[in-house]
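Here are the chains, one letter per residue:
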Amino acid sequence: MTTIFEDNNLCVFLKEINGKSEVWLIVKNHSTPLNYFDSICRDFPRIKISNFISLKKAFDEANVSVCIGEYKPKYLVSTSKDEMLAYIDINMTQSEIESCNINKIKTEIIEALNEAGINEGIDLDEISEDMESYARLTVAKGIEPVSGKDAKITYFQLSEKKPTIKSDGKVDNYEMNLIDKIERGGWLGEKTLPTLGQPGKTVFGKTVIAKPGRDYMLKFDAKSVDEVFEEGKIILVAKFDGAVKFEHGKIGVHNHLVIDENVGYSTGNIDFDGYVTIHGVVEDLFSVRATKDIFIKGKMGIGAVGTIHSINGDVSILGGVNGKKKAKLIAGRNVYVKYVNEAEIEAKGEINIGLYAYESILKGDKVILSPDKGKVVGGEIHAKHLVSANTFGNSMEKATKIQVKGFDRNKVNEELDVIKVNFNETIAKANRLKRELEILELNQDNLSEKDEFTYKGMLLTYENLIDDINKLNYDFKKLEEFLRTKGEGEVKIFGSAYPKTVLDIKNLQKVINKTMSGSFYVKDNSLHLTQT
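Residues numbered from 1 in each chain as written. Predicted model: local features only at pLDDT ≥ 70, side-chain atom pairs only at ≥ 80, totals over all residues. Heavy atoms only, no water.

Asks: Even after reading the chapter, I still don't get the overall build of the protein, so can you show me in this structure?
Replies: Secondary structure assignment for the protein yields 6 helices and 42 strands. For the protein, the C-alpha radius of gyration of 43 Å lies well beyond 24 Å, the compact-globule estimate for 532 residues. Counting only C-alpha atoms, the protein reaches 130 × 55 × 50 Å along its principal axes. Within the protein, the proportion of its 532 residues that are buried is 44%. Surface exposure of the protein reaches about 28,700 Å², of which carbon and sulfur atoms provide 49%. Here the protein contributes 73 positively and 80 negatively charged side chains, and the mean placements of these two sets differ by 8 Å. (Helix = DSSP H or I, 4+ residues; strand = E, 2+ residues; numbered from the N terminus. Rg over C-alpha atoms; globule rule 2.2 N^0.38 Å. Buried < 20%, exposed > 50% of the residue type's maximum accessible area, 1.4 Å probe, protein only. Areas by Shrake-Rupley, 256 points an atom, 1.4 Å probe, with all protein chains shown as cover. Lys, Arg positive; Asp, Glu negative; His and termini not counted. Charge placed at Lys NZ, Arg CZ, Asp CG, Glu CD.)

Below, the structure is given as structure tokens:
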């Protein structure tokens, strides 16, 4: 038993029981108030009262010895829940701190930490002569684990289909980047592998496992793309020469037929599943059919060919068309030609002509000629929402017919709203499915046969959703093009429209009987004219 305080009113002493120091109290004078004991406790910060019933009993019944709590250590060690921080409660009065040598305090704290098993990241910078009594100070910090880096994936970027800008700043609308060619072994993408991260340590020296980086699967067509392993990377390369494609959310190489000569008797007609680039021309009566883009680069252009037909892509003819009333061009998307003379062109998207269209039949969503030089002389144009050129007809009053079917702006807006809803819902489905696929991919090495089957089914569904997203996006952009048209069908005349030019916009006709310019459009079932 050790007495730590005694006067005429009470006695406070310690008892060592089972290795713990208990605080005991005897109140000598029955009239001693409880707050008298409170004032004593302020001078003894190590007293911790935990038994208030016994404390009250001591004051109610004089000369009764009762245990009222425990005697805290001078330096009480505790840690955070995750054991990454260690604290010291300084159970000393300010006068005790001021009277002690700071180095002695630090030595005693280190001993207390070692006794508690704390040996990592000890830092006593907060222990100083300026510290306050009853303070809780951080005296050790563990080493936080460093999470691994996620896998990083990059893919080949497809060229934007836009006109080429020459070195002199002029725009060549017909030198288009339609096909992204790739040679065997060419780079298509890569994945930087995830890292494991760096483990940490608690203040007790225990290892804290780092969270490894997330892995992601490269999406590629294994029939046309190879994986090459390098240190820390997986590189995707083309298995053969071709054209880069993205289908079903995967990168791949599509068949790309390159013909360095003319298409003629030496080659025969071309019918190809993929992209076609012809460095020469297509000779008269010969035809080219392809599922993807067709690019004819010969500057002489084409003449009285049979049919140039791209089922799902664009047709670009660098040198123009002299069709002799035989040539026909068909495109699943757009057609780009420098000029067209006595030929027929049909596109599901846009027809873009540089210099002129003479005695030709043109059918597309919109037909665009150069606003500076583009001329439409004779023939017929049938568009859904827009036709624009510098000149229509000529001074010889060549009969020229321009028909714009027109559209209902309210219905187009309604269709856009439906597409937006479907697009957002499809994106949400695809994102949810993508997350589920990523979870399976993280554990791909341990998948059961059933899980593997489920994964393949989910992957097919995901690829179909990506196709749906791409189609919805394409349809959305087409409808936006309609809404950019003035009114509900428009013919833009940047230069002049000559007599015998007939405009038919949404079944409202205007026969030009004197040279004029401007933008004709239909709004509220009436034909309007504004100056361009």
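Asks: Sorry if this is basic, but what is going on with helix 2 (residues 52-60) here?
Replies: Since the α-helix packs 3.6 residues into each turn, any two residues three or four apart lie on the same face. Among the residues making up helix 2, those that are buried are Ser-54, Leu-55, Ala-58 and Phe-59. Relative to the axis of helix 2, the buried residues are bounded by an arc of 140° and lie together on one face. Those residues of helix 2 that are exposed and angled more than 90 degrees off the buried face are Ile-53 and Lys-56. Where helix 2 is buried, its residues touch strand 2 (10-17), strand 3 (20-27), helix 1 (34-41), strand 4 (47-49) and strand 5 (65-71). (Arc of directions from axis to C-beta. Contact = heavy atoms within 4.5 Å.)

Asks: Where do I start with the pattern of salt bridges in this structure?
Replies: Here the idea is simple: oppositely charged side chains can pair when their charged atoms come close. Within this structure, the stated rule accounts for 22 salt bridges. In this structure, Arg-289 and Asp-271 form a salt bridge, with 3.1 Å as the shortest nitrogen-oxygen distance. Placement of Arg-289 in strand 23 (residues 288-290) and of Asp-271 in strand 21 (residues 270-272) is noted, with a sequence separation of 18 residues between them. Judged by its relative accessible area of 37%, Arg-289 is partly exposed. (Salt bridge = Lys/Arg side-chain N within 4 Å of Asp/Glu carboxyl O.)

Asks: For this particular structure, what's the right way to read the sheet that holds strand 12 (residues 181-182)?
Replies: Sheet strands associate in pairs through backbone hydrogen bonding, adopting either a parallel or an antiparallel arrangement. One open sheet accounts for 3 strands, arranged 12-18-19; its pairing is antiparallel. Edge positions in the sheet fall to strand 12 and strand 19 (250-254), since each has one partner strand and no second. Taken together, the 5 bridges between strand 18 (residues 242-247) and strand 19 define a ladder with antiparallel strand orientation. Bridging from a neighbouring strand, Glu-247 pairs with Lys-250 of strand 19. (Pairing = 2+ DSSP bridges.)

Asks: Sorry if this is basic, but what is going on with the environment of His-256 here?
Replies: Along the polypeptide, His-256 turns up in strand 20 (residues 256-259). The spatial distance from the C-alpha of His-256 to the C-alpha of Asn-8 is 107 Å, given a sequence separation of 248 residues. Ignoring sequence-local partners within four residues, the contact set of His-256 consists of Ile-179, Lys-181, Gly-242, Ala-243, Phe-272, Tyr-275, Val-276 and Thr-277. Within the structure, His-256 has its side chain in polar contact with the side chain of Thr-277 (distance 2.8 Å). (Polar contact = N/O pair within 3.5 Å; in protein donor to acceptor, adjacent residues only side chain to side chain.)

Asks: How should I be thinking about the packing of aromatic side chains in this particular structure?
Replies: Aromatic ring pairs: the centre-centre distance and the angle between the two ring planes describe each pair. Scanning the entire structure with this criterion turns up 7 aromatic pairs. Ring geometry for Phe-407 and Phe-482: centres 5.3 Å apart, planes at 75°, overall edge-to-face. With Phe-407 in the loop between strand 37 (400-404) and helix 5 (409-442) and Phe-482 in helix 6 (residues 449-484), the pair connects residues that are 75 residues apart, well separated along the chain. We note Lys-15 situated over the ring of Trp-24; from NZ or CZ to the ring centre the distance is 3.9 Å. Above the ring of Tyr-474, the side-chain terminus of Arg-333 is found at 4.0 Å from the ring centroid. (Phe/Tyr/Trp six-rings, centres within 6.5 Å; stacked < 30°, edge-to-face > 60°. Lys NZ or Arg CZ within 6 Å of the ring centre and 35° of its normal.)

Asks: Which parts of the structure should I look at to understand the pairing of strand 42 (residues 526-530)?
Replies: Pairing analysis gives 5 bridges linking strand 41 (residues 516-523) to strand 42, with the strands arranged antiparallel. Counted as the bridge partner of Val-522 is Leu-527 from strand 42. Linkage of strand 41 to strand 42, two consecutive antiparallel strands, is achieved through a turn of 2 residues, within which Asp-524 is found at a positive phi near 55°.

Asks: I'm lost on the nonpolar core in this one. Help?
Replies: Across soluble globular proteins, nonpolar side chains have a tendency to be buried as a group. Val-282, Ile-308 and Leu-329 are the most contacted members of the largest nonpolar core, which totals 49 residues. The element contributing the most residues to this core is strand 36 (residues 380-392), with 5 residues. Leaving out residues up to four positions away in the same chain, Val-282 has contacts with Val-263, Val-288, Ile-296, Ile-302, Gly-303, Val-305 and Ile-308. Of all hydrophobic cores here, the second largest spans 20 residues; its members include Ile-97, Ile-109, Ile-127 and Ala-135. (Core = buried A, V, L, I, M, F, W, Y, C linked by side-chain atoms within 4.5 Å.)

Asks: Any chance you could explain the side chain of Glu-463 here in plain terms?
Replies: Note that Glu-463 resides in helix 6. Dropping the residues within four chain positions of it, Glu-463 is found in contact with His-248 and Lys-250.

Asks: Hey, could you run me through a negative patch on the surface in this one?
Replies: Together, Asp-408, Glu-414, Glu-415 and Asp-417 make up a region of like negative charge exposed at the surface. Judged by relative accessible area, Glu-414 falls into the exposed class, the value being 53%. (Patch = residues over 30% accessible without salt bridge, like charges linked within 9 Å, V, L, I, M, F, W, Y side chains within 5 Å.)

Asks: Is there a simple way to think about the sheet that holds strand 6 (residues 75-79) in this case?
Replies: Read from one edge to the other, the open sheet built from 3 strands follows the order 6-7-8, with strand pairing classed as antiparallel. The sheet terminates laterally at strand 6 and strand 8 (136-141), the two strands that pair on one side only. For this sheet, the mean angle separating the axes of adjacent strands, direction not counted, is 30°. Those strands touched by helix 4 (residues 102-116) are strand 6, strand 7 (85-90) and strand 8, and its axis lies near 45° from that of strand 6. (Axes fitted to C-alpha atoms, helices over the stretch in contact; angles between N-to-C directions.)

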